[in-house]
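# Fold and geometry: a report
Residue strings, one per chain:
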Amino acid sequence: MKEDLKTQYAAMGISEEVYAYGERVESALKERFMAIDEVAEYNQLKVLAAMQAHQVSEACLLGTSGYGYNDLGRDTLEQVYASVFHTQDALVRPQITCGTHALALALLSNLRPGDELLSPVGKPYDTLEEVIGIRPSKGSLQEYGISYRQVDLLPDGGFDYDNIKMAINEKTKLVTIQRSKGYQTRPTLSVARIGELIAFIKGIKPDIICMVDNCYGEFVEKLEPSDVGADMVVGSLIKNPGGGLAPIGGYIAGTKECVENAAYRLTSPGLGKEVGASLGILNDFYQGLFLAPTVTAGALKGAIFAANIYENLGFAVVPDGQESRHDIIQAVTFGTPEGVIAFCQGIQAAAPVDAHVTPEPWDMPGYDSQVIMAAGAFVSGSSIELSADGPIKPPYAVYFQGGLTWQHAKFGILKSLQALVDKGIVSKKFP
Ligand SMILES: *Cc1c(COP(=O)(O)O)cnc(C)c1O
């Protein structure tokens, strides 16, 4: 049987040595993969229970046009999200164009001139710098008179509680906590650690709104940040919760007040959640959410496989091969632009769409260096699909994520390794 597989991989450009090395790495990961499947099973039931509790019906899968008044499917889906995240309400819309938009919406709608925003976990995701005004930008929070403070993580990745306490003042209205490391090499925060941080902050000033940038974290654990005190969790539907099927969209799940503020900002004061036609998109949103726990599990296996493949070859990987996981991102540091480029070109060559094109570094809007991106995706830019991004700047690390199926993630990683071997960046002598 394995001979068949080897032949099939060979036909797809994977050498015998690379295939055999992959098999050795995979066989050592059996127990971890079982634990991931258990989390997926738990979350599958959580999603199903929410859908059943809100009586999702065939009529919910249809859409509205025009103003979108009384959109049963949209309103029910928002209740389903609220149940999954155990929040009072949720806003789940195709009119939220991406993750950055969802985060900007949550911030701009819940902060007022004179308020202060605090990040107690260091520099936020690159695109948020312009939302906040860390890099001056039209329409930023800074332009609206909303100030910003940041407390970095300690060198060991811990929270700097002393400085967080000092940073909180009478103006501090909202705290933003980014769960995933994004384009950094700091550790991703577990839900338990987020809970500790929120408890500390609320202990100092109970009415602070705690928002979590939940991008890439959904369904990785049994609990979500909203289960441990977050007032708002925010994310993109072309990442985990869209399950690969949502072609656009973002969500904000949280307290009634936070979600209401966001809805009035997304549409208009006075209109809020009442408008916003769902067009024909709801079937994909529902079915994507239904698939999200298992899709996330496949992506997680891919990340762990990649960590072990590259760690054993001597590259720095974050998280490392053994660490527990709190998001689906895997960073691998190659130390050279050539390594980053070869890796991304290998991922691209494994894609179901556009495998024949060769990605190159380019000046991507919102980022402060050139970025190379590999994404042969059904949904453009989707990063729950097998994809890799590498900013072309030191330490020359690649951020790899996604894979709608574990089998595809595995193939992509082997293809990336093959590209590095073919370019002479990695030697053929595998451990
Ligand atoms: C992807 C991501 C964002 C931004 O989402 P886009 O959809 O790319 O705009 C924000 N924060 C984190 C942690 C992310 O991973």
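Above this text you will find the structure in question.
Residue indices follow the written sequence of each chain, beginning from 1 at its first position. At least 70 in pLDDT is required for a residue's local features to be given in this predicted model, at least 80 for side-chain atom pairs to be given and counted, and no such filter applies to totals for whole chains, interfaces and linings, which use all residues. For the side-chain quantities, the full set of heavy atoms in the structure was used; hydrogens and water were omitted.

This paragraph deals with helix 3 (residues 30-53). A helix here means a DSSP run of H or I that spans at least four residues, while a strand means a run of E at least two residues long, and both kinds are numbered starting from the N terminus. Take the number of residues in a helix, subtract one, and multiply by 1.5 Å to get its expected span. For helix 3, built from 24 residues, the straight-helix expectation of 34 Å at 1.5 Å per residue is met to within 8% by its first-to-last C-alpha distance of 35 Å. Each residue is assigned to one of three classes by its accessible area relative to the maximum for its type, calculated with a 1.4 Å probe on protein chains only: buried under 20%, partly exposed between the two thresholds, exposed over 50%. Within helix 3, the full set of buried residues consists of Phe-33, Ile-36, Val-39, Ala-40, Asn-43, Gln-44, Lys-46, Val-47, Ala-50 and Met-51. Trailing helix 3 by a residue or two, Gln-55 shows a phi angle of about 50°, which is positive.

Time to look at the pairing of strand 5 (residues 209-213). Counting buried positions along strand 5 gives five out of five residues, so the element sits mostly inside the fold. Burial along strand 5 is two-sided: Ile-209, Met-211 and Asp-213 and Cys-210 and Val-212, pointing in opposite directions, are all buried. One bridge is not enough; two strands pair if DSSP finds at least two bridges between them. Strand direction decides the pairing type here: strand 4 (residues 172-178) and strand 5, joined by five bridges, are parallel. Note that in strand 5 the partner of Thr-176 across the bridge is Met-211. As paired strands, strand 5 and strand 6 (residues 232-236) are joined by three bridges and run parallel to one another. Looking at the pairing, Met-211 lines up with Met-232 of strand 6.

What follows concerns the site of the ligand. The nearness test applies per residue and asks whether one of its heavy atoms lies within 4 Å of the molecule or strand. Taken together, Cys-98, Gly-99, Thr-100, Leu-103, Tyr-125, Gln-178, Asp-213, Cys-215, Tyr-216 and Lys-239 make up the full set of residues adjacent to the ligand. Any pair of N or O atoms that falls within 3.5 Å is considered a polar contact. Within protein, one atom must be able to donate a hydrogen and the other to accept it, and sequence-neighbouring residues count only if both atoms are side-chain atoms. In the model, an oxygen atom of the ligand is placed 2.6 Å from a nitrogen or oxygen of the Thr-100 side chain. Within the contact set of the ligand, a nitrogen atom lies 2.6 Å away from a side-chain nitrogen or oxygen of Asp-213. Each accessible area value is a Shrake-Rupley result obtained with a 1.4 Å probe; residue values ignore everything except the protein chains displayed when judging cover. Protein contact buries 90% of the 370 Å² of open area that the ligand shows by itself. Per-element accounting of the shell around the ligand gives the leading share, three residues, to helix 5 (residues 99-110). Under the scheme applied here, ten amino acids are nonpolar (Ala, Val, Leu, Ile, Met, Phe, Trp, Tyr, Cys and Pro), four are charged (Asp, Glu, Lys and Arg), and all others, including Gly, are polar. Taken together, the residues of the shell around the ligand sort by class into five nonpolar, three polar and two charged.

Moving on to the sheet that holds strand 6. Here seven strands make up an open sheet; going across it, the order is 1-7-6-5-4-2-3 and the pairing mixed. Because the sheet does not close on itself, it has two edges, and the strands there are strand 1 (89-93) and strand 3 (147-150). Strand-to-strand twist of the sheet, defined as the mean angle between neighbouring strand axes without regard to direction, takes the value 20°. Summarising the sheet, strand 2 (residues 116-119) and strand 4 pair through three bridges and their orientation is parallel. Axes here refer to lines fitted to C-alpha atoms; in helices the fit is confined to the stretch in contact. Angles between the N-to-C directions go from 0 to 180 degrees.

Below, the discussion takes up the packing of aromatic side chains. Two aromatic rings, drawn from Phe, Tyr or Trp (for Trp, its six-membered ring), form a pair once their centres lie within 6.5 Å of each other, and the interplanar angle then sorts them: stacked below 30 degrees, edge-to-face above 60, tilted otherwise. Considering all chains together, one arrives at 17 aromatic pairs under this definition. With a centroid separation of 5.1 Å and 75° between ring planes, the pair formed by Phe-33 and Trp-406 is classed as edge-to-face. Taken together, the positions of Phe-33 in helix 3 and Trp-406 in helix 12 (residues 406-422) put the pair 373 residues apart, joining distant regions of the chain. The exposure class of Phe-33 is buried, given its relative accessible area of 9%. When its relative accessible area of 12% is taken as the criterion, Trp-406 is described as buried. By the ring-pair criterion, three or more aromatic residues cluster together here, those being Tyr-310, Phe-315, Phe-334, Phe-343 and Phe-400. Geometrically, a charge over a ring is one whose NZ (Lys) or CZ (Arg) sits within 6 Å of the ring centre while staying within 35 degrees of the ring normal. Of note, Lys-239 hangs over the ring of Tyr-125, and the distance from its end group to the ring centre comes to 5.6 Å.

Its place among the elements puts Asp-89 in strand 1. Classification of Asp-89 as buried rests on a relative accessible area of 13%. Throughout, a contact is declared for two residues whenever any of their heavy atoms are within 4.5 Å. Beyond its immediate chain neighbours, meaning those up to four positions away, Asp-89 contacts Gln-79, Ala-82, Ile-252, Ala-253, Gly-254, Lys-256, Val-259 and Lys-273.

Geometric descriptors of this kind do not, in isolation, establish any biological role.
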